[in-house]
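Residue strings, one per chain:
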Amino acid sequence: MSENDLTNAIPIEILKSRLKEIALFSSASYVLQWDQEVHMPKKAVEYRAKTLSELSALIHQKYLALDRDKLLTLLKENLEKGKYADDEEALILETWRNYEQRTKLPEAHVRELSELTSNAQHHWAEARKQSDFSLFLPWLEKMIFLQKKTAKYLGYKKSPYDALLDVNEPGMTADKASKILNDVKDFLIPFLLKIKKSKIKVDAKKTKGEFPILNQIGFNLFVAKKIGYDLEAGKIDSSTHPFTITFHQTDVRFTTRFKENDALYALGSTIHETGHALYEQGLTEEDFGTPLGEAISLGIHESQSRMWENNIGKSLDFWKYFYPKLQKEFPKPFKKLPMTEFYKIVNKVTPSFIRTEADEVTYNLHIIMRFEIEKELMEGTLEAKNAPKVWNQKMQKYLGVKVPSDRLGILQDVHWSGGLFGYFPTYSFGNLYAAQFYAAMLKDIPDLAKRFARGEFLTAREWLRNKIHVHGKRYTADELVLEVTGESLNSKYFQEYLIAKYSKIYNLK
Ligand code: CO
């Protein structure tokens, strides 16, 4: 395209059509990724990796080509002259941001990082198997070195950790995150001690039994559908690690996982992923491929899954509707288990050394210690070789548990070997956003609990859709939370939510 074309056609329309073309290629690569996790035969691993890497190179080239004829530059100049407002402004700024992130990292660095990642993950898996951190240490050190380089390329004002956080939660900084997460920590540690001292004891074994997978699949489908997931624009399968993936607003799929002896295991994952999927199904179809049709950030995404999984999915009113149905589907053991007791089991607080099994009270402490450690690793105030010692000390101090081994300690999560630094905190932001949004929703719909109890969940889905989903990236995370709740992200609502709920369950004074 020549300069002349740019001045004659409407540049913003050209940008949209280029972005949509890229999105179609991305969509094809997502289908292949989904297939890889769900259906692909074992022997196809290498061939699929080649296909995906070829596609991703193609997409990258197309992205770089966005500005080859200075289309993006022109749009940005026009924007600075005040030619665009609102939607168009968000579209240009977000595209520019993505474009810059792609161009700031030299190709050689990206290749080095991707090679290191596959090696590091392999060595991490081996180290975890043998429960020996020293096998992973040299790879972690290389990873930290390269991540610091990434931060330098991306640019930051104060801490290299700022640059990495900003990739996952745009606008977030290490300082802001520290302030918010310290508040949570100062609240949670004494709160957990109170729960530990409570005389109320909950026996989680009472919900265990024999649950044929086929029956579980049926029940999980029923729940996802009931809370608003559109099965004509989606599909549920099973995989080892549950995930949600979007090809288009009309094809948002997710996976869950099953345990034969525990019906609640799959339900938790299903409701969580349904929350993610509802967000994706709620994005506007006409904005497909552009930032206006994309979720805001990992933290906001996680707020949607966490709200359905915890604030709603572990509430008494949710189960007032679903428990009789669960009892009917699985009379053993639920028929003889009163709902009030079941509710306590669903919400049982158990400090443990495994993050993915953590309850609502202890979960954020797992995240906070990871945040503190990775921030120090990036800022150079902690050496990787000392990380396990610090890990175990923090587990003791925050959760009161003794880590039995590296495997169940510092080696439990895949993230660092996968090059994901500045990712963990988004899980906690998700919990805090969820509580803050949920409080706002309750204010708007005072009889929400009663609606849940009679099986009416679409009111909540519609509220989330109108307040959050349809906007795509028209707002930043901070603007959105301010718009919807009247405040910036803080932990007040999360604290109030936990106090109200767990004081009742554990009879706290
Ligand atoms: Co999630």
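The text that follows walks through the structure, step by step, so that each part is easy to find. (Residues numbered from 1 in each chain as written. Predicted model: local features only at pLDDT ≥ 70, side-chain atom pairs only at ≥ 80, totals over all residues. Heavy atoms only, no water.)

**Thoughts on the overall build of the protein chain**
Then step 1. Looking only at helices and strands, the protein chain features 22 helices and three strands.
Then step 2. Expressed along its principal axes, the backbone C-alpha trace of the protein chain runs to roughly 75 × 50 × 50 Å.
Then step 3. Within the span of the protein chain, comprising 509 residues, buried residues form 53% of the whole.
Then step 4. Sequence separation of at least 24 residues holds for 72% of the intrachain contacts in the protein chain that already meet a minimum separation of 6. (Helix = DSSP H or I, 4+ residues; strand = E, 2+ residues; numbered from the N terminus. Buried < 20%, exposed > 50% of the residue type's maximum accessible area, 1.4 Å probe, protein only. Contact = heavy atoms within 4.5 Å.)

**What to know about the coordination of the cobalt ion**
Then step 1. The cobalt ion binds to the protein through His-272 (NE2), His-276 (NE2) and Glu-302 (OE); the donor distances cover 2.2 to 2.3 Å.
Then step 2. Mapped onto the polypeptide sequence, the residues donating to the cobalt ion form the spacing pattern H-x3-H-x25-E. Remark: Glu-302 occurs in helix H12 (residues 298-312) and His-272 occurs in helix H11 (residues 263-281); sequence separation between them is 30 residues. (Donors = N, O, S within 2.8 Å, 3.2 Å for Na, K, Ca; no water.)

**Remarks on the pairing of strand S3 (residues 251-256)**
Then step 1. Among the six residues of S3, six are classified as buried, and the element is accordingly described as predominantly covered.
Then step 2. Of the two faces of S3, the one holding Asp-251, Arg-253 and Thr-255 and the one holding Val-252, Phe-254 and Thr-256 are both buried throughout.
Then step 3. As paired strands, strand S1 (residues 234-238) and S3 are joined by five bridges and run parallel to one another. Bridging across to S3, Lys-235 finds its partner in Arg-253.
Then step 4. Pairing analysis gives four bridges linking strand S2 (residues 244-248) to S3, with the strands arranged antiparallel. Bridging across to S3, His-248 finds its partner in Asp-251. (Pairing = 2+ DSSP bridges.)

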